[in-house]
Amino acid sequence: DALPISDILMAQAELVPVGGDNLAHVEIARELAQRFNELYGALFTPPVARASRVSSLPGIGDAAGRKRKMSKSIGNAIWLGDTSELVRDKIATLDSEGLLAFANAFEAEADGASEKATRDLICQKIEAELRPIRARLAELAQTRGLVEEILVDGTISAREVAYKTLQR
């Protein structure tokens, strides 16, 4: 999943949250912005990357999914709307290496604990992260058309910034 450099520059992004696999894209965008600004005058904001603490997690599900990094395009991920039971089922597919990666990512290391206890702790940590997100999603879903309105407003705002950049 490449992060388009043009999207970063046109949006005048100052801080770009990314996984470790996209750090290079933000660095290239920063270098391009600085070089362009040197040659033609200040136009682009040189972005700064904020990398997640964990660069990537192994995929979940069948053996083929676990052999690749977790990715929305592959579908081997935990989704925000997944139920607690589905999260638990997905975590159950992890091998010991994947389990360790998740334990590190969610600071769920249970020294000397059984694999089952580690899986349970990981599930608890994931649920703690997902619970407020699910609550907010449910709250937003109560107002018909609100999500679409937010998306349209965000698109309009992004286009305004992009058009201003193009005009400059």
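**Here's the deal with the overall build of the protein**
Move 1: The secondary structure content of the protein amounts to seven helices and two strands.
Move 2: Starting at the N terminus and walking to the C terminus, you meet the elements of the protein as α-β-α-β-α-α-α-α-α.
Move 3: Expected size for 168 residues packed as a compact globule is a radius of gyration near 15 Å; at 20 Å, the protein overshoots this value by more than 25%.
Move 4: Taking the principal axes of its C-alpha atoms as reference, the protein extends roughly 60 × 40 × 25 Å.
Move 5: Buried residues in the protein amount to 27% of all 168 residues.
Move 6: Restricting the contact set of the protein to residue pairs at least 6 apart, pairs at least 24 apart contribute 51%.
Move 7: Counting only carbon and sulfur atoms, one obtains 56% of the accessible surface of the protein, whose full area is about 11,100 Å².
Move 8: On the protein, the mean spot of the 21 positive side-chain charges and the mean spot of the 25 negative ones are 1 Å from each other.

**So, the pairing of strand β2 (residues 48-51)**
Move 1: Direction of pairing for strand β1 (residues 15-18) relative to β2: parallel, over a ladder of four bridges. In the strand pairing of β2, proline 17 is matched with arginine 50.
Move 2: This β-α-β element, β1 to helix α2 (residues 23-40) to β2, shows right-handed connectivity.

**Some remarks on a nonpolar patch on the surface**
Move 1: A surface patch of nonpolar side chains, about 240 Å² in accessible area, is lined by Leu80, Ile133 and Leu137.
Move 2: Within the fold, leucine 80 resides in the loop between α3 (63-66) and α4 (84-91).

**Here's the deal with the nonpolar core**
Move 1: Residues Ile78, Val87, Ile91, Leu94, Phe102, Ile122 and Ile126 are the most contacted members of the largest nonpolar core, which totals 15 residues.
Move 2: Where this core is concerned, the elements lending two or more residues are α4, α5 (96-105) and α6 (115-141).
Move 3: Judged by nonpolar contacts, the second largest core, of 10 residues, contains Ala13, Ala29, Ala33 and Leu43.

**Focus on α2**
Move 1: With 18 residues, α2 should reach 26 Å at 1.5 Å per residue; the first-to-last C-alpha distance of 26 Å fits that figure.
Move 2: Residues Val26, Ala29, Ala33 and Asn37 constitute the buried set of α2. All buried residues of α2 lie within an arc of 60 degrees about the axis, which places them on one face of the element.
Move 3: Of the surrounding elements, those touching the buried residues of α2 are α1 (5-10), β1 and β2.
Move 4: After α2 finishes, the residue glycine 41 shows a positive phi value of roughly 100 degrees.

About the cut-offs
Residues numbered from 1 in each chain as written. Predicted model: local features only at pLDDT ≥ 70, side-chain atom pairs only at ≥ 80, totals over all residues. Heavy atoms only, no water. Helix = DSSP H or I, 4+ residues; strand = E, 2+ residues; numbered from the N terminus. Rg over C-alpha atoms; globule rule 2.2 N^0.38 Å. Buried < 20%, exposed > 50% of the residue type's maximum accessible area, 1.4 Å probe, protein only. Contact = heavy atoms within 4.5 Å. Areas by Shrake-Rupley, 256 points an atom, 1.4 Å probe, with all protein chains shown as cover. Lys, Arg positive; Asp, Glu negative; His and termini not counted. Charge placed at Lys NZ, Arg CZ, Asp CG, Glu CD. Pairing = 2+ DSSP bridges. Right-handed = clockwise from strand over helix to strand, strands pointing away. Patch = residues over 30% accessible without salt bridge, like charges linked within 9 Å, V, L, I, M, F, W, Y side chains within 5 Å. Salt bridge = Lys/Arg side-chain N within 4 Å of Asp/Glu carboxyl O. Core = buried A, V, L, I, M, F, W, Y, C linked by side-chain atoms within 4.5 Å. Expected span 1.5 Å × (residues − 1). Arc of directions from axis to C-beta.

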